[in-house]
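# Breakdown of the fold
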Amino acid sequence: MRVPMNADAPESSRKAQIDAVLLKLPGVSTRKINGLDAYFVSDKMFACISGHGVGLRLPAATANELQFSRDNVVPFQPGGMATSREWIQINRAEAAEYEKDLQLFRASLEFVKAARTR
């Protein structure tokens, strides 16, 4: 029997559940960067765990639309620092529910993979 995880779950359990969603995507790897558990494709970060959410990079127009259309999407501000308009954070009390955002994670992965390195 699976016990649901809540936002107060140990971080290692939350990370394991998020890993289960993101690491099954093709070419995704994980490592720590600036103290955050981050997810990479083609050596570029496309998502990371921050607080009770997962930040991800999407085209600015998509990120903006999601912030207005979904109540669990906020600007991505790791450690209170503002990031670019391309970053949003999806907050879910149950880490396993990030499975519902798989389409957005795939879009983020493709967006980052296609982005030219600066």
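Just so we're clear, the structure is a prediction, and the values are computed from it rather than from any experiment.

Now for unusual backbone geometry. Here Asn34, not a glycine, exhibits a phi torsion of approximately 50°, which is positive. Take Asn34: it is sitting in the loop between strand S1 (28-33) and strand S2 (36-41). Residue class for Asn34 comes out exposed when judged on its relative accessible area of 77%.

Here the focus is the pattern of salt bridges. Enumeration over the complete set of coordinates arrives at 10 salt bridges. A salt bridge links Arg57 to Glu86; the nearest nitrogen and oxygen atoms lie 2.8 Å apart. Residue Arg57 is found in strand S4 (residues 53-57), and its partner Glu86 is found in the loop between strand S5 (73-75) and strand S6 (87-91); the two are separated by 29 residues along the sequence. The exposure class of Arg57 is buried, given its relative accessible area of 12%.

Here we come to the sheet that holds S4. On the basis of which strands lie adjacent, the open sheet formed by 6 strands has the order S1-S2-S3-S4-S6-S5 and antiparallel pairing. Looking at strand neighbours, the two that pair on one side only are S1 and S5, the edges of this open sheet. For this sheet, the mean inter-axis angle between neighbouring strands, taken without regard to orientation, is 30°. Note that S5 and S6 share 3 bridges and pair antiparallel. If you follow Pro75 over to S6, its bridge partner there is Ile88.

Attention now moves to the nonpolar core. Of all hydrophobic cores here, the largest spans 25 residues; its most connected members are Ile18, Leu22, Tyr39, Phe46, Leu56 and Ile88. Of all the secondary structure elements, the ones that give two or more residues to this core are helix H1 (11-22), S2, strand S3 (44-50), S4, helix H2 (60-69), S6 and helix H3 (102-114). Once residues within four sequence positions are removed from consideration, Ile18 is found in contact with Tyr39, Ile49, Val54, Ala95 and Tyr98. With 5 residues, the next largest nonpolar core counts Ala38, Cys48, Phe76 and Trp87 among its residues.

Our focus in this paragraph is H2. Turning to H2, its buried residues number three or more, namely Ala60, Ala63 and Leu66. For H2, the buried positions fall inside an angular range of 130° around the axis, keeping them on one side. Facing away from the buried side of H2 by more than 90 degrees, the exposed set consists of Ala61, Glu65, Phe68 and Ser69. Buried-residue contacts for H2 involve S5, S6 and H3.

Another point: the pairing of S2. Of all 6 residues in S2, 5 are buried; the element is thus mostly enclosed. For S1 and S2, the ladder comprises 6 bridges, and the chain directions are antiparallel. Within S2, the position partnered with Arg31 by the bridge is Ala38. The turn joining S1 and S2, which pair antiparallel and follow one another in sequence, is formed by 2 residues; a positive phi near 50° is taken by Asn34. One ladder, built from 4 bridges, connects S2 with S3; its direction is antiparallel.

Note that Gln89 resides in strand S6. Side chain to side chain, Gln89 and Asn91 meet in a polar contact 2.7 Å long. If near-sequence neighbours (up to four positions away) are discounted, Gln89 is found in contact with Ser50, His52, Gly53, Val54, Gly55, Asn72, Val73, Val74, Pro75 and Phe76.

The rules behind the values
Residues numbered from 1 in each chain as written. Predicted model: local features only at pLDDT ≥ 70, side-chain atom pairs only at ≥ 80, totals over all residues. Heavy atoms only, no water. Helix = DSSP H or I, 4+ residues; strand = E, 2+ residues; numbered from the N terminus. Buried < 20%, exposed > 50% of the residue type's maximum accessible area, 1.4 Å probe, protein only. Salt bridge = Lys/Arg side-chain N within 4 Å of Asp/Glu carboxyl O. Pairing = 2+ DSSP bridges. Axes fitted to C-alpha atoms, helices over the stretch in contact; angles between N-to-C directions. Core = buried A, V, L, I, M, F, W, Y, C linked by side-chain atoms within 4.5 Å. Contact = heavy atoms within 4.5 Å. Arc of directions from axis to C-beta. Polar contact = N/O pair within 3.5 Å; in protein donor to acceptor, adjacent residues only side chain to side chain.

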